[in-house]
Each structure stands twice: as structure tokens, then as C-alpha cells.
Amino acid sequence: MAEQTRAVGQAPRTPHAPSPPPADGRGVRPRLYGLDGLRFLAAVGVMLYHYVAREHSSWGEQLPGDVFPELGRSVIYAALGPELFFVISGFVILMTAWGKDVPYVVASRAARLYPSYWVAVVATSVLLLWIWPDGKDITVGQAVVNLTMVQALVEVPNIDGVYWTLWTELRFYLLVLLLVAVGTTRRRVLAFCAVWPLAAAAAEGTQYLAMVLISGYAPLFAGGMLLYVIYRDGHAWLPWLLLAGNVLLAHRDVVPAQLESITRNTAHEPSTTVLTLALLLCFGAVAAVTLTPLRHLRWVWLAKAGVLTYPLYLTHEHWGWWLIQLLYPHLGRWPTLAVTCAVALLAAWALYHGVEKHVGPRMRRAIEQGLRGRNAPAATGVAPA
């Protein structure tokens, strides 16, 4: 099986290698619960950033920076939640794709992204078109195009600002598919993580090439991929050296962009030093929960929290702002924030258990069967953690 044999060019394990836990009798590796916890923390951080730091009019005549001056000053750094998501994606998507083929990867990613996304787009469109038209000016046509998740490609605005990260993720998936198509080996992954971020940096200013190569975010994904190589194969100088280079490139891209964005969108002035430390934490946290004894965590509640990450991220923003506008005049700031966060989490739970949990597996099987031909067997191999 693919995960149980050494890939071409794979380095031998060192005595101090953080070797992954062995697969069980069914060939399934234990879940990395720490990654679930990080994903959930990132989503909650983004939610709080949108509620108490990013400027919006739902708190009435006061801006969020005036309503929550102390909390907002700290929460601004949760704006790096998407950067943490991208590092985690680099790790998890490579783990999912290694040893698999194109139909498997296409089916697994489409089934993971689209069911909850479609429901979220419809729900947010209903809110902004008919329930709360003052929340944002959108059209039915824009909502329909948003259902594709590639609206940025045809220059149609996102009906919810958080959707920009999904377009970024989609482009990363396409690059991984190219890697899967030629065959995923350690040597090719290392070469990819060395060349791609540099090419993306060189492509800045060239619209289409920068879009394809995900300029500005490539080092985050590549860093996550390198952490998976170390998790899978053990410590070696080359992946660590490439990881350090990608961290430096990510600092070059992310910190100035976040300085500008946070200053423009909030009432607070971010610290360059704190932003740098927060970016390092994005890489360090993923390394901690995958390369140290924390990878042995078996806290099931982290997995239950982790499954709420995607639906929470998709639905919290405009529905939360609408609810804040309704509640704040009657409850005050802290009860309003607590109730809004609780409702957002409840909605995420309902979306996962009502849609994603049931539709996703069926959709994955249908897509994979369609790509392979109705009578072709599904992909086999050790399931990813």
C-alpha cells in the first residue's frame, strides 16, 4: 500500500524521526486531533475578528473598536486565521493526496468543499436580498455565479468576504492535482516546494501567472507540505532548510499585507513584531501538533469541534452582523457577543450534521465513480490521518 512503502527518493528514518503512529488493522492511521483543534481556534478567531475588530455598522453608531477597545486590540491578530488555514491545508491536502490518483483527489476535495458552501451561499443570499438588504448590496445574478466558487475568475464580487480564501484553496488543489498526475514522490514534493514559492514571488505583478501560482500565499501552503514530509519521513536537513526559506518568504508576503489590511479595516494599529510572531506561530503550531508528542493526543472532543470549522467559517459573518444589529440595543455588548457566537456555532453544528455529514460522502462516491467509470473499482490504500 502507498503509505506503507517508501516512496522513490525517500530518505531513511533517523533515530529521532517523529514517525507517524502505525496504521491499525484496517490500514487507517490515527487522527491528528491537534490539527482539528487548530482549525477550530482559527475559525473562532476569524469570527471574533469580524465581530469586535473589523469595522462594520452593526453596533449602531459606534464602530467595533469603540464597543470593544480592549478585546479588539488583541483580536486584530486573529486576522491571520486564513494564513493558519493555508499552512494546515498544505499539510492535510498532501497527506490526503499522497499515494492516491486524480479521481480520488478530485472527488474528495469537491465533496468536502461544495455541499456546505452551496447551502451557505443560498442562506447568505436570502439574508442580503430579502431579509437584510441594507447589509450588503448584491444581485441574484451575483449569488448564482457565487455558487460556482470561481466567481473571482470572472470578476464577480464575493457575496461574503470570507469566500476569497476558498478561491485560494481551489487554486492550491489544482496545483496538487498536477503533482498527483505526474506521481507524488518525496523528491518531487521537495522540488515543488522549492521552486513553486520562488516562481510565485517572481510572478508578482503579472496578473494571470500570479493568480495561477497563488502569489502571496504559496509559501504558506508549501510550508505545510514540508511539515507533512517531515511527519511522514522523519527529520532531514533538506525539508527543514526549505521550510525555513518558505517561512522567510511568507514573512515577506504576509506581514506587510496584514499591516496594511488591519490598519485600513480596524481602529487599531497592529505591531509588526506581534504580526511576525503570529505568523511564526502559524507554522510552529502545526509543527507542534504533528512532530512532537502532541501528535498522540486522543481528545475526541477536538474532532467534534474541528468538524464545525468549515460551516462556521462560511456562515458567521453576515448572519452574525445581522443578529448583532437586532440584539445590541436590547442586551448590551457582552451578552450580544455571547449570544451571537453561540448562534453561529449552533448554525455550524446544524450545517455539518444536516448537510455536510450526509451529502459529502455520497457526493464523493458519485464523483469518483463517474470519473472512473461506473464499473471501475474505487482507489485503495491507507486512508489519511
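Below, the structure is looked at part by part. (Residues numbered from 1 in each chain as written. Predicted model: local features only at pLDDT ≥ 70, side-chain atom pairs only at ≥ 80, totals over all residues. Heavy atoms only, no water.)

Quick look at the overall build of the chain now. Helices and strands together make up the secondary structure of the chain, namely 15 helices and 0 strands. Counting over 385 residues, the chain shows a buried share of 53%. A separation threshold of at least 6 residues defines the contact pool for the chain, and within that pool the share at least 24 residues apart is 78%. Counting every atom, the chain has about 17100 Å² of accessible surface; 66% of that belongs to carbon and sulfur. (Helix = DSSP H or I, 4+ residues; strand = E, 2+ residues; numbered from the N terminus. Buried < 20%, exposed > 50% of the residue type's maximum accessible area, 1.4 Å probe, protein only. Contact = heavy atoms within 4.5 Å. Areas by Shrake-Rupley, 256 points an atom, 1.4 Å probe, with all protein chains shown as cover.)

Our focus in this paragraph is unusual backbone geometry. In this model, Met149 sits at a positive phi of 70°, which is unusual for a non-glycine residue. Relative to the assigned elements, Met149 resides in the loop between α6 (140–146) and α7 (164–182). Even without a glycine there, the phi angle at Ile214 is positive, about 60°. Checked against the element boundaries, Ile214 lands in the loop between α9 (207–213) and α10 (218–233). Taking the relative accessible area as the measure of exposure, Ile214 reaches 0% and is therefore buried.

With that out of the way, let us pick up the packing of aromatic side chains. Using the criterion set out here, one finds 22 aromatic pairs in the structure. Judged by centre distance (4.9 Å) and plane angle (85°), the ring pair of Trp59 and Tyr328 falls under edge-to-face. Here Trp59 is found in the loop between α1 (33–52) and α2 (64–67), whereas its partner Tyr328 is found in helix α14 (residues 309–331), with 269 residues between them in sequence. Given the relative accessible area of 1%, Trp59 is considered buried. Through pairs of rings, three or more aromatic residues link up here, namely Phe86, Trp164, Phe172, Tyr173, Phe192, Trp196, Tyr217 and Phe221. Directly above the ring of Tyr104 sits Lys100, whose terminal nitrogen or CZ lies 5.4 Å from the centroid. Over the aromatic face of Tyr173 sits the side chain of Arg109, whose NZ or CZ is 5.6 Å from the ring centroid. (Phe/Tyr/Trp six-rings, centres within 6.5 Å; stacked < 30°, edge-to-face > 60°. Lys NZ or Arg CZ within 6 Å of the ring centre and 35° of its normal.)

Once that is clear, we can look at a nonpolar patch on the surface. Taken together, Val122, Val126, Trp130, Ile131, Val140 and Val144 make up a surface patch of nonpolar side chains, about 560 Å² in accessible area. Residue assignment for the nonpolar patch shows that the elements contributing at least two residues are α5 (102–131) and α6. The element best represented in the nonpolar patch is α5, accounting for 4 residues. Here Val140 lies in helix α6. (Patch = residues over 30% accessible without salt bridge, like charges linked within 9 Å, V, L, I, M, F, W, Y side chains within 5 Å. Salt bridge = Lys/Arg side-chain N within 4 Å of Asp/Glu carboxyl O.)

The next point concerns the environment of Ile367. Turning to its location among the elements, Ile367 is positioned in helix α15 (residues 333–372). A residue is classified by how much of its surface remains accessible, and Ile367, at 23% relative accessible area, is partly exposed. In this view, Ile367 contacts Val106, Ala107 and Ala110; residues no more than four positions away in its chain are not counted.

Moving on, we come to the packing of α1 against helix α4 (residues 81–97). At a minimum axis distance of 9 Å, the contact between α1 and α4 shows a crossing angle of 155°. Here α1 lies roughly antiparallel to α4, going by the angle between them. The two elements α1 and α4 meet at a crossing, and its hand is left-handed. Only Gly81, Pro82, Leu84, Phe85, Ile88, Phe91 and Val92 of α4 make contact with α1, whose side of the interface consists of Leu35, Leu38, Arg39, Ala42, Ala43 and Val46. Here the contact of α1 with α4 is composed, by residue class, of 11 nonpolar, 1 polar and 1 charged. (Axes fitted to C-alpha atoms, helices over the stretch in contact; angles between N-to-C directions. Parallel < 35°, antiparallel > 145°, perpendicular 65-115°, else oblique. Left-handed = near helix turned anticlockwise from the far one by under 90°. Nonpolar A, V, L, I, M, F, W, Y, C, P; charged D, E, K, R; others polar.)

It is worth stressing that arrangement in space is one thing and function is another; only the former is reported here.
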